[in-house]
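# Observations on the three-dimensional arrangement
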Amino acid sequence: MALPTQMTAIEIVGGAGGADALRPTRAPLPAVKSGEILIRVHAAGVNRPDIVQRQGGYPPPPGAPSTLGLEVAGEVVIGAGRWREGDRVCALLGGGGYAQFAAVDARHALTIPAGLDMIQAASLPETAFTVFVNLFEHGALKAGETLLVHAASSGIGV
């Protein structure tokens, strides 16, 4: 598939502001590094870090795109690892999701679960990865143990 060299992305006019500071702009297609996939974005999640970054209070991590967007759902157009062209995925990224295409570490992508559309799937990665890391990697939760979630709210609580 021939890919364009330019895409539409969302920029923050003036570097910070309210939602009305978001404007479409033309940007180069992201360069795909080894171990990354390129996703044609169908939907992007909107979460608290995106809002705080738009307001000027949360700079992108070093090396991350300045374009907002930490979660996306879409279709793989350049595969890597287990991902192939045409796979439907959602992914967590360091930025750049508010665009037509996003380059993503292949390890940070998930198959979109059956029954979820692209919009629903775009809200999944931040929550899924955060819960997995905290409960299973840091918390070492194991089969047969009980977990009490107290006063869960916001994205993780959902």
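Residues numbered from 1 in each chain as written. Predicted model: local features only at pLDDT ≥ 70, side-chain atom pairs only at ≥ 80, totals over all residues. Heavy atoms only, no water.

## With respect to the overall build of the protein
- In terms of regular secondary structure, the protein is built from four helices and seven strands.
- Along the protein, from the amino end to the carboxyl end, the secondary structure elements read β-β-β-α-β-β-β-β-α-α-α.
- Principal-axis analysis of the C-alpha atoms places the extent of the protein at approximately 50 × 35 × 30 Å.
- Here the protein holds 158 residues, and the buried ones make up 32% of them.
- Within the protein, contacts between residues separated by at least 24 positions form 62% of all contacts whose residues are at least 6 apart in sequence.
- Of the charged side chains in the protein, 11 are positive and 13 negative; the average position of the first set lies 2 Å away from that of the second. (Helix = DSSP H or I, 4+ residues; strand = E, 2+ residues; numbered from the N terminus. Buried < 20%, exposed > 50% of the residue type's maximum accessible area, 1.4 Å probe, protein only. Contact = heavy atoms within 4.5 Å. Lys, Arg positive; Asp, Glu negative; His and termini not counted. Charge placed at Lys NZ, Arg CZ, Asp CG, Glu CD.)

## Brief notes about the nonpolar core
- Residues Ile37, Ile39, Trp83, Val89 and Val104 are the most contacted members of the largest nonpolar core, which totals 14 residues.
- Looking at this core, the elements with two or more residues in it are β3 (36–44), β4 (71–78), β5 (88–92) and β6 (101–105).
- Ranked by the residues each element gives to this core, the list is headed by β3, at three residues.
- Here valine 89 is in contact with Ile37, Ile39, Val72, Ala73, Gly74, Val76, Trp83, Ala109, Leu110 and Ile112, once residues within four sequence places are set aside. (Core = buried A, V, L, I, M, F, W, Y, C linked by side-chain atoms within 4.5 Å.)

## Description of the packing of aromatic side chains
- The final tally for this structure, using the stated rule, is one aromatic pair.
- Ring centres of phenylalanine 132 and phenylalanine 136 lie 5.3 Å apart, and the angle between their planes is 45 degrees; this geometry places the pair in the tilted category. Residue phenylalanine 132 and its partner phenylalanine 136 are both found in helix α3 (residues 125–138); the two are separated by four residues, about one turn of the helix.
- The exposure class assigned to phenylalanine 132 is partly exposed, which follows from its relative accessible area of 42%. (Phe/Tyr/Trp six-rings, centres within 6.5 Å; stacked < 30°, edge-to-face > 60°.)

## Considerations on the sheet that holds β5
- Here five strands make up an open sheet; going across it, the order is β6-β3-β4-β5-β7 and the pairing antiparallel. Strands at the two margins of the open sheet, each flanked by one partner only, are β6 and β7 (109–111). Along the sheet, successive strands turn relative to each other by an average axial angle of 45 degrees, direction set aside.
- Note: β3 against β6, five bridges, orientation antiparallel. Paired with glutamate 36 across the strands is aspartate 105, a residue of β6. (Pairing = 2+ DSSP bridges. Axes fitted to C-alpha atoms, helices over the stretch in contact; angles between N-to-C directions.)

## Details of the side chain of glutamate 36
- By the secondary structure assignment, glutamate 36 is in strand β3.
- The buried charged residue glutamate 36 lacks any salt bridge partner; its closest oppositely charged side chain belongs to lysine 33, at an N-O distance of 4.7 Å.
- Only 2.8 Å separates the side chain of glutamate 36 from the backbone nitrogen of lysine 33, close enough to count as a polar contact.
- Once residues within four sequence positions are removed from consideration, glutamate 36 is found in contact with Ala31, Gly79, Ala80, Ala103, Val104, Asp105 and Ala106. (Salt bridge = Lys/Arg side-chain N within 4 Å of Asp/Glu carboxyl O. Polar contact = N/O pair within 3.5 Å; in protein donor to acceptor, adjacent residues only side chain to side chain.)

## Overview of the environment of isoleucine 10
- Relative to the helices and strands, isoleucine 10 is located in strand β1 (residues 6–12).
- In this structure the C-alpha to C-alpha distance between isoleucine 10 and glycine 144, which are 134 residues apart in sequence, comes to 46 Å.
- Those residues in contact with isoleucine 10 that sit more than four places away from it in its chain are Leu22, Arg23, Pro24, Thr67 and Tyr98.

By themselves, these are just geometric observations and shouldn't be taken as functional.
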